[in-house]
Amino acid sequence: VKGTAGHQLYVKNYGGATQSATLLNATNTYTELVIRDINVTNGSAEIGFWTNDPAGNGWLNADDVTFYKQ
């Protein structure tokens, strides 16, 4: 991802607690966000991006999102 700071990649509804990885600093180059060891126990998972930007000035570009069995 690249964008303003504070965006999160999250995974939830997979049979465990919601987990996330946060873009800590604003960047114009792509930065890898990784969440490891998701044990899907209910047959599905919700993956997405979230931000808390009350001013509405933030931006995010995401490319090449992969969810795979380890």
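For the structure, see preceding data.
Our subject in this report is the structure included herewith. These numbers were taken from a predicted model, which means no experiment stands behind them.

Calculation rules
Residues numbered from 1 in each chain as written. Predicted model: local features only at pLDDT ≥ 70, side-chain atom pairs only at ≥ 80, totals over all residues. Heavy atoms only, no water. Helix = DSSP H or I, 4+ residues; strand = E, 2+ residues; numbered from the N terminus. Buried < 20%, exposed > 50% of the residue type's maximum accessible area, 1.4 Å probe, protein only. Contact = heavy atoms within 4.5 Å. Core = buried A, V, L, I, M, F, W, Y, C linked by side-chain atoms within 4.5 Å. Pairing = 2+ DSSP bridges. 1 Å grid on protein atoms, 1.4 Å probe; cavity = no way out; pocket = protein on both sides within 12 Å on 5 of 7 lines; lining within 4 Å. Points joined across faces, edges and corners; volume = space filled by probe spheres on them. Nonpolar A, V, L, I, M, F, W, Y, C, P; charged D, E, K, R; others polar.

**Things to note about the side chain of Thr27**
Relative to the helices and strands, Thr27 is located in the loop between strand 3 (19-22) and strand 4 (46-50). You can call Thr27 buried: its relative accessible area is 16%. The residues touching Thr27, leaving out its near neighbours within four places in the chain, are Val1, Lys2, Gly3 and Trp59.

**Concerning the nonpolar core**
Counting five residues, the largest nonpolar core is built from Val1, Leu9, Ala21, Leu23 and Leu33. When sequence neighbours within four positions are dropped, the list of residues in contact with Leu9 reads Gln19, Ser20, Ala21, Leu33, Ile35, Ile47, Gly48 and Phe49.

**Structural notes on the pairing of strand 2 (residues 8-12)**
Sheet analysis places strand 2 next to strand 3, joined by four bridges and oriented antiparallel. Paired with Val11 across the strands is Gln19, a residue of strand 3. Between strand 2 and strand 3, which pair antiparallel and follow one another directly, the connecting turn spans six residues, one of which, Asn13, has a positive phi of 60°. In the sheet, strand 2 pairs with strand 4 via five bridges, with the strands oriented antiparallel. Directly across from Tyr10, in strand 4, lies its bridge partner Gly48.

**Some remarks on the layout of surface pockets**
Estimates place the volume of the largest pocket at around 730 Å³. Every residue lining the largest pocket is counted, 24 residues in all, and those nearest its centre are Leu33, Ile35, Thr66, Phe67 and Tyr68. Breaking the lining of the largest pocket down by element, the ones donating at least two residues are strand 2 and strand 4. For the lining of the largest pocket, the residue count by class is 15 nonpolar, three polar and six charged.

**Some details on the environment of Val1**
As for its placement among the helices and strands, Val1 is situated in the segment before strand 1 (2-3). Taking the C-alpha atoms as reference, Val1 lies 9.9 Å from Phe49; in sequence the two are 48 residues apart. Residue contacts for Val1: discarding those within four places in its chain leaves Leu23, Thr27, Thr29, Tyr30, Thr31, Leu33, Phe49, Leu60, Asn61 and Ala62.

No statement about biological role is implied by the geometric values presented.
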